[in-house]
2 protein chains.
Amino acid sequence: MSEYTPLMLAAISAPPATAAAVGRVLLDSGADWSMMNYGGMTAPEFATLQEEKSELAELLRGHEEDFYPVTNPQGYCLIINISKYDSGSDITLSLAERQGSDRDVDRVKQIFERLRFIVKIKKDLTAEQLDDFLHEIKKSRDLAKHGSFVCFLMAHGSHDCIYGKNGVPCEIRNLTEKFKSSVCRSLEGKPKVFFIQACRGSRRDRAVARSSREQTDEAGAPVYNSAIRPAEGDFLLCYATTPGSAAFRNIDSGSRYVQTVCEFIEKYFRELDLITIMTKVSGYLHKNPVQVKGGLYHVVPQKVDQLSSLVSFDPDRARKA
Amino acid sequence: MSEYTPLMLAAISAPPATAAAVGRVLLDSGADWSMMNYGGMTAPEFATLQEEKSELAELLRGHEEDFYPVTNPQGYCLIINISKYDSGSDITLSLAERQGSDRDVDRVKQIFERLRFIVKIKKDLTAEQLDDFLHEIKKSRDLAKHGSFVCFLMAHGSHDCIYGKNGVPCEIRNLTEKFKSSVCRSLEGKPKVFFIQACRGSRRDRAVARSSREQTDEAGAPVYNSAIRPAEGDFLLCYATTPGSAAFRNIDSGSRYVQTVCEFIEKYFRELDLITIMTKVSGYLHKNPVQVKGGLYHVVPQKVDQLSSLVSFDPDRARKA
């Protein structure tokens, strides 16, 4: 927040005949229309106050529309972490404890609370419990007041599913489609962002040596190969890896992907939109392969992006109610 | 191009002790490090000339690395348009001529030549001819000199394939994987961008009335449901639609998606990176559903994004050789 930005001054005191031209120059040189003064007013709001500045107001609203609106609170941030798998049945035999994943939960919680999300954590759910929990959230009355929806899914996985603690697969498509606008009107036109830390297969650039501090979220259970199909717009799915590939997790420090996502969101949430931040995450991971005993392993995250506007997590962009 | 930007002035004449701090303020307020003066020099280049400004030079290089380097020419832009399908065999019975698609070819050619790409057009290939053509391009010696690779695939399609003129499906994964860096070293670390105008199924928001000017790129042929799997980084696949859904084409004006992509690239290539442009395309299509006799149909484009830097198509960013 600042006293008055150049854009606000243009909106307040530039002559009506030239206000729009001045505004265009400022915007082209990177001026931020979303800045608020100490009174919580933005340049578009100042421009709207004066009828003869409708051209500038329209110009500023055009830029405003590049972003989904931000609310306070921003929305739910669900953290689903399935770490301890049932033993004793055939299907869970190969699903080892996902050591280090609690570090990811702590870090995500820390960042998203700071960004004024309402953080809800669920651990070690069965497939059915996960399905029920997401359905309950989807029906929640608060959702309509929220500007966005974020969900971290962290578990063992395979192709397009993650595994519940009982080893039963949940198709990611079925989880995300609960929130599509045709069945969840309260999130219509709002960004629905999923971060998925799970293997999507077992492919790696080379074999991982044993007794290392790195594990993969790989599972030997049956492969489900159906396509992700969020039927409608405004979805963003951020995967730790490409289809068919393994995801890495360090048993001391947590998942490389989740930790890097948190670090970069924390660093850039004020200045960059989410997609650009996530491209920086990919660039960082590209330059910094995972080191495990015996070699280096490249990880290529994947975004499946059906957004129709830019996403900002900056809580200061929230308009007053 | 301009005489000197504030960043260049900081690089040239700010006191070494404060140059980096000034540079940071300018960058944070949106200054464009990539601007060239009339002599073709950029701020990072000016900063590199003075040894005592290494901190500013490093800062500017950090921003420079947000983008993939641009070359002149930028690279190949392949336009594959399969419009007329063989008749007479069972499999091509349902694959009608893709009327209007020549308008798309013309428009893409116009834009990408302006952006200093080498445009190559291939029409009405069989599945085998398409495979051979892409393989030949992949082996091309020029590729190593190019900074990026763009390919438009426009055809009838289904789930994760497009159909050759003989009705034989080509998996999109097989086409894109020819250019992954493990088998195409000359494109290693460079953006590989595919635009896919084809149906991925027959789902629509409602049934299309007959005898309209809009057609869909739908085909009744067998469904291939395998996952897209560009094994490595730096791929961007831009689909006209989500998995399972139909894509629209107007028999007079061409495809809504391709035409909008061209319009927005033309409008924004100097100021925005490709992903942000494509998000604007999605926003526009979201607000402007396709009108056909009997109703309005929403189209949700999808990006599958494994880029590790931002992509610019601005030919003026090309460094001199």
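Residues numbered from 1 in each chain as written. Chains lettered and ligands numbered in written order. Predicted model: local features only at pLDDT ≥ 70, side-chain atom pairs only at ≥ 80, totals over all residues. Heavy atoms only, no water.

Draft legend 1. Summary view of the packing of aromatic side chains. All names here are of chain A. Scanning all chains against the criterion turns up 22 aromatic pairs over all chains. Seen in terms of ring centroids, Phe-112 and Phe-313 are 5.5 Å apart; in terms of plane orientation they differ by 75°. Their pairing is edge-to-face. Within this pair, whereas Phe-112 is found in helix α5 (residues 101-114), its partner Phe-313 is found in the segment after β14 (302-305), the two being separated by 201 residues in sequence. In this structure Phe-313 comes out as buried when scored by relative accessible area, which is 4%. Taken together, a centroid distance of 4.4 Å and an interplanar angle of 25° make the contact between Phe-149 and Phe-179 stacked. Note that Phe-149 is positioned in strand β3 (residues 148-154) and Phe-179 in the loop between α7 (172-176) and β7 (192-197), a separation of 30 residues in sequence. Here the two residues Phe-149 and Phe-179 agree in accessibility, since each one is buried. An aromatic cluster is present here, built from Phe-112, Phe-117, Phe-152, Phe-195 and Phe-313 joined pairwise through their rings. A cation sits over an aromatic face here: Arg-317 above Phe-67, 4.1 Å from the ring centre. (Phe/Tyr/Trp six-rings, centres within 6.5 Å; stacked < 30°, edge-to-face > 60°. Helix = DSSP H or I, 4+ residues; strand = E, 2+ residues; numbered from the N terminus. Buried < 20%, exposed > 50% of the residue type's maximum accessible area, 1.4 Å probe, protein only. Lys NZ or Arg CZ within 6 Å of the ring centre and 35° of its normal.)

Draft legend 2. Here's a closer look at the nonpolar core. Within the largest apolar cluster, 76 residues are counted, with the highest numbers of intra-cluster contacts made by Phe-112, Phe-195 and Ile-265 of chain A together with Phe-112, Phe-195 and Ile-265 of chain B. Residues Leu-153 and Cys-161 of chain A together with Ala-155 and Cys-161 of chain B belong to the second largest nonpolar core, which totals 66 residues. (Core = buried A, V, L, I, M, F, W, Y, C linked by side-chain atoms within 4.5 Å.)

Draft legend 3. Up close: the pairing of strand β9 (residues 235-239) of chain B. Residue and element names in this part refer to chain B. Of all 5 residues in β9, 5 are buried, a share of seventy percent or more. The two faces of β9 match: Phe-235, Leu-237 and Tyr-239 on one face and Leu-236 and Cys-238 on the other face are all buried. The pairing of strand β7 (residues 192-197) with β9 spans 5 bridges and is classified as parallel. Of the residues in β9, the one forming a bridge with Phe-195 is Cys-238. The pairing of β9 with strand β14 (residues 302-305) spans 4 bridges and is antiparallel. Directly across from Cys-238, in β14, lies its bridge partner Lys-303. (Pairing = 2+ DSSP bridges.)

Draft legend 4. Structural view of helix α6 (residues 127-139) of chain B. All names here are of chain B. With 13 residues, α6 should reach 18 Å at 1.5 Å per residue; the first-to-last C-alpha distance of 19 Å fits that figure. Within the sequence span of α6, burial applies to Ala-127, Leu-130, Phe-133, Leu-134, Ile-137 and Lys-138. Down the axis of α6, the buried side of the element spans an arc of 140°, and every buried residue falls inside it. Away from its buried face by more than 90 degrees, α6 exposes Glu-128, Glu-136 and Lys-139. (Expected span 1.5 Å × (residues − 1). Arc of directions from axis to C-beta.)

Draft legend 5. Layout of the environment of Leu-175 of chain A. Residues and elements named next belong to chain A. With respect to the helices, strands and loops of the structure, Leu-175 is situated in helix α7. On the basis of relative accessible area, Leu-175 is assigned to the buried category, the value being 2%. Measuring from C-alpha to C-alpha, the distance between Leu-175 and Cys-161 comes to 9.4 Å, with 14 residues separating the pair along the chain. Among all residues touching Leu-175, those that are not within four sequence positions of it are Leu-130, Leu-134, Leu-153, Ile-162 and Cys-170. (Contact = heavy atoms within 4.5 Å.)

Draft legend 6. Representation of the confidence of the model for chain A within the structure. The pLDDT averaged across chain A works out to 81; a share of 82% of its residues lies at or above 70. In the model, residues 205-231 of chain A has pLDDT below 50 throughout and makes 101 contacts with residues more than four positions away in sequence or in other chains. (pLDDT = per-residue confidence, 0-100.)

Draft legend 7. Main features of unusual backbone geometry. Residues and elements named next belong to chain A. With an omega of -5°, the peptide bond running from Asn-72 to Pro-73 counts as cis. Mapped onto the fold, Pro-73 is located in the loop between α4 (54-64) and β1 (75-81). Positive phi values are uncommon outside glycine, yet Asp-124 reaches one of about 50°. Looking at where Asp-124 falls in the secondary structure, it is placed in the loop between β2 (118-123) and α6 (127-139).

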